[in-house]
Amino acid sequence: MSTETGSDEPSGGSLSYQNILEREMEEALQEIARPVTGVFLSGLAAGLNLSFGALFMGMALTFSGGFESQLVQQIALGSLSSIAFLFVVLGQTELFTAHSTMAVLPVLDRRASLGDLGGLWGATYVSNLLGCVIFAGLIATLGPSMGIVSPSAFGTLADALVPLPWWTILLSGVVAGWLMGMTTWLVAASRDTVGRIVFTLLVTGAIGFGPFHHAILGTTEVVSAIFLGQGVTIGDFVHFLLWTTVGNIIGGAVFVGLLNYGHIELAGEQQDVDFEAETTGDS
C-alpha cells in the first residue's frame, strides 16, 4: 500500500482523478509482480498487526468491567480497532481487503489478468488468516494468564459477528469492504502522512463502531473466542468467514474499485487536464 507521489503528479493542490487511479494501479502492479514469498510474508505481518485491534478491544471490554452506555462502548471499540488498521496502512503490509479494491483496477484496465488477481488475492488471504490464527493463540495463552483479557470479552465480540443470518453477514461485509476500499482510495489521494493517518482512523474506525464484518479482523475475534471456550464452533467460524469474505470482495471491488474506475474513465481526458490546470494555476 505504497503512498509515494509519482513524478508525473501535479506539484500543488489536489490530485486529479487520473492521478489517484494511476497511483492505485501502479501499486497493485508492483504487488502482482512481487515474488509470492514476499507477498506471503507481508500478508502474514498484516494479519498479525491487524490482530492487535482484536486484542485492544478485548482489553477494553475486560478493564471496563462493562460499559454503561452501548454508544460509549462502540465508540471505544471502533477507535481502538482503527489503531491496528493504522499499523497496516502506514506499515505498508499486504491486507486482503485492501487488495479487493486496489488489485481489481489493473484487471479492469487490461494491464493484468484474472490469474494475476487470483494469485495476489490467494497469497494475501491465506497469509492474513494464518497471522490471525497465530495471534489468536497468543491472545488465548497470554491474555487470561496476565489478567488483561477475560474469555467473556471475546465471547461478546464474537456474539456481535457470528449468530446472524447469512444475508446479514453478507451485507455487513459489503459495508466493511466498501469502507476499507474507501480507505485505500483516500490514502492514495493524500499528499502527507497526517492526512493518511486521519483518513485511516476515521474510516476504519467505522468498521469497529458498527461492528461491520471484516474477514481478517473478525477472524482474530472469532478464533480467539473458540480458543477461549466461548461456545463458538468451527461451523460458526466457517459460516462467518464465507459470507464475510464474499461481502468484503463485493464492497471493495464493486462499490469502490469498479465504480471509481468507471467514473474516472467516463470523465474523459480533457476534464482531467482542466482539473490539473486549475489546481496548478496553469492557463
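Starting from 1, residues in each chain are numbered consecutively following that chain's sequence as written. Residue-level local features of this predicted model are given only where pLDDT is at least 70; pairs of side-chain atoms are given and counted only at 80 or more, and the full residue set underlies all totals for whole chains, interfaces and linings. To get the side-chain values, all heavy atoms of the structure are used, and hydrogens and water are removed first.

### Quick word on the overall build of the protein
Helix and strand counts for the protein stand at 13 helices and zero strands. Order of helices (α) and strands (β) in the protein, N terminus to C terminus: α-α-α-α-α-α-α-α-α-α-α-α-α. The classification of residues rests on relative accessible area computed with a 1.4 Å probe and restricted to protein chains. Under 20% of the type maximum is buried, over 50% is exposed, and intermediate values are partly exposed. Across the 283 residues that make up the protein, the buried fraction comes to 48%. Here, two residues are considered to be in contact whenever any of their heavy atoms come within 4.5 Å of each other. Across the protein, the fraction of contacts at a sequence separation of at least 24, relative to all contacts at a separation of at least 6, is 84%. Numbering of helices and strands runs from the N terminus; a helix is a DSSP stretch of H or I covering at least four residues, while a strand is a stretch of E covering at least two.

### Focus: the UniProt feature "transmembrane region" (unreviewed entry) in the protein
UniProt tags residues 39-63, 83-108, 120-144, 164-188, 197-217 and 237-261 as "transmembrane region" (unreviewed entry). When the span residues 120-144 is considered, its composition is 100% helix and 0% strand, and the gap between its end C-alpha atoms is 36 Å. For residues 197-217, helix accounts for 76% and strand for 0%, while the C-alpha atoms at its two ends are 19 Å apart. UniProt positions are given in the numbering used here, feature names are shortened, and annotations may be inferred rather than shown by experiment.

### What about the packing of aromatic side chains?
When the centres of two rings from Phe, Tyr and Trp lie within 6.5 Å, Trp using its six-membered ring, the rings pair. Their planes under 30 degrees apart give stacked, over 60 give edge-to-face, and anything left gives tilted. In the structure shown here, the tally under the stated rule is nine aromatic pairs. Measuring from centroid to centroid gives 4.8 Å for tryptophan 166 and tryptophan 243, while their planes differ by 40 degrees, and the two rings are tilted. With tryptophan 166 in helix H9 (residues 166-189) and tryptophan 243 in helix H12 (residues 234-267), this residue pair connects regions lying 77 residues apart in the sequence. A relative accessible area of 25% places tryptophan 243 in the partly exposed class.

### Observations regarding the side chain of serine 172
Of note, serine 172 is situated in helix H9. Residue contacts for serine 172: discarding those within four places in its chain leaves Pro211, Phe212 and His213.

### So, a nonpolar patch on the surface
Candidates for patches are residues over 30% relative accessible area with no salt bridge; among them, like charges are joined within 9 Å and nonpolar side chains (Val, Leu, Ile, Met, Phe, Trp, Tyr) within 5 Å. Only the protein chains shown count as cover for residues, with accessible areas throughout obtained via the Shrake-Rupley method and a probe of 1.4 Å. A pairing counts as a salt bridge when a side-chain nitrogen of Lys or Arg comes within 4 Å of a carboxyl oxygen of Asp or Glu. A cluster of nonpolar side chains, namely Trp178, Met182, Leu242, Val246, Ile250, Val254, Phe255, Leu258 and Leu259, defines an oily patch on the protein surface of about 700 Å² accessible area. Contributions of two or more residues to the nonpolar patch are made by H9 and H12. For the nonpolar patch, the element with the most residues is H12, which contributes seven residues.

### A word on the pattern of salt bridges
Enumeration over the complete set of coordinates arrives at four salt bridges. Of the charged contacts in the structure, one is a salt bridge between glutamate 94 and arginine 34, with a shortest N-O distance of 3.4 Å. Pair noted here: glutamate 94 is in the loop between helix H4 (70-91) and helix H5 (96-102) and arginine 34 is in the loop between helix H1 (17-33) and helix H2 (36-50), with a separation of 60 residues, a long-range link. With a closest N to O distance of 3.6 Å, aspartate 109 and arginine 111 form a salt bridge. Aspartate 109 sits in the partly exposed class, given a relative accessible area of 26%. Each of the salt bridges in this network shares a partner with another, and the network as a whole consists of Glu22, Asp109 and Arg111.

### Points about unusual backbone geometry
The linkage connecting glycine 210 with the following residue, proline 211, adopts the cis geometry, with an omega of -10 degrees. The backbone phi angle of glutamine 92 is positive, close to 55 degrees, even though this residue is not glycine. Along the chain, the position of glutamine 92 falls in the loop between H4 and H5. Taking relative accessible area as the criterion, glutamine 92 reaches 35% and is therefore assigned partly exposed. Of note, the phi angle at arginine 110 is positive, near 65 degrees, even though the residue is not glycine. Take arginine 110: it is sitting in the loop between helix H6 (104-108) and helix H7 (114-146). For arginine 110, a relative accessible area of 78% corresponds to the exposed category.

### Concerning the nonpolar core
Side-chain atoms within 4.5 Å link the members of a nonpolar core, which is a set of buried Ala, Val, Leu, Ile, Met, Phe, Trp, Tyr and Cys residues. With 54 residues, the main nonpolar core has Leu50, Phe85, Leu95, Phe154, Ile216, Val222 and Leu241 as its most contacted residues. Sort the elements by how many residues they give to this core and H7 lands first, with 10 residues. Among all residues touching isoleucine 216, those that are not within four sequence positions of it are Gly47, Leu50, Leu95, Phe96, Asn128, Leu129 and Cys132. One finds Ile20, Trp185, Ala188 and Ile264 within the second-largest nonpolar core, a separate group that totals nine residues.

### Side note on H7
Expected span of a helix, by definition, is 1.5 Å for each gap between consecutive residues, and there is one gap fewer than residues. For H7, which comprises 33 residues, the first-to-last C-alpha distance of 47 Å matches the rise-based estimate of 48 Å (1.5 Å per residue) to within 8%. Immediately downstream of H7, the backbone of glycine 147 shows phi near 75 degrees, a positive value.

### Things to note about helix H3 (residues 52-64)
Every α-helix carries 3.6 residues per turn, so stepping three or four residues along brings you back to the same face. Taking 1.5 Å of rise per residue, 13 residues should cover 18 Å, and H3 covers 18 Å from first to last C-alpha, within 8% of that figure. Those residues of H3 that fall on the buried side of the exposure criterion are Gly53, Ala54, Leu55, Met57, Gly58, Ala60 and Leu61. Among the structural elements, H2, H4, H7, helix H8 (151-159) and helix H11 (215-227) are those in contact with the buried residues of H3.

### A look at the side chain of glutamate 221
Within the secondary structure, glutamate 221 sits in helix H11. Just so you know, the count uses Lys and Arg for positive and Asp and Glu for negative, and it drops His and the chain ends. Buried charge glutamate 221 goes without a salt bridge, the closest partner of opposite sign being arginine 34 at 25 Å. In contact with glutamate 221, other than residues within four places in its own chain, are Ala54, Met57, Phe154, Leu157 and Leu161.

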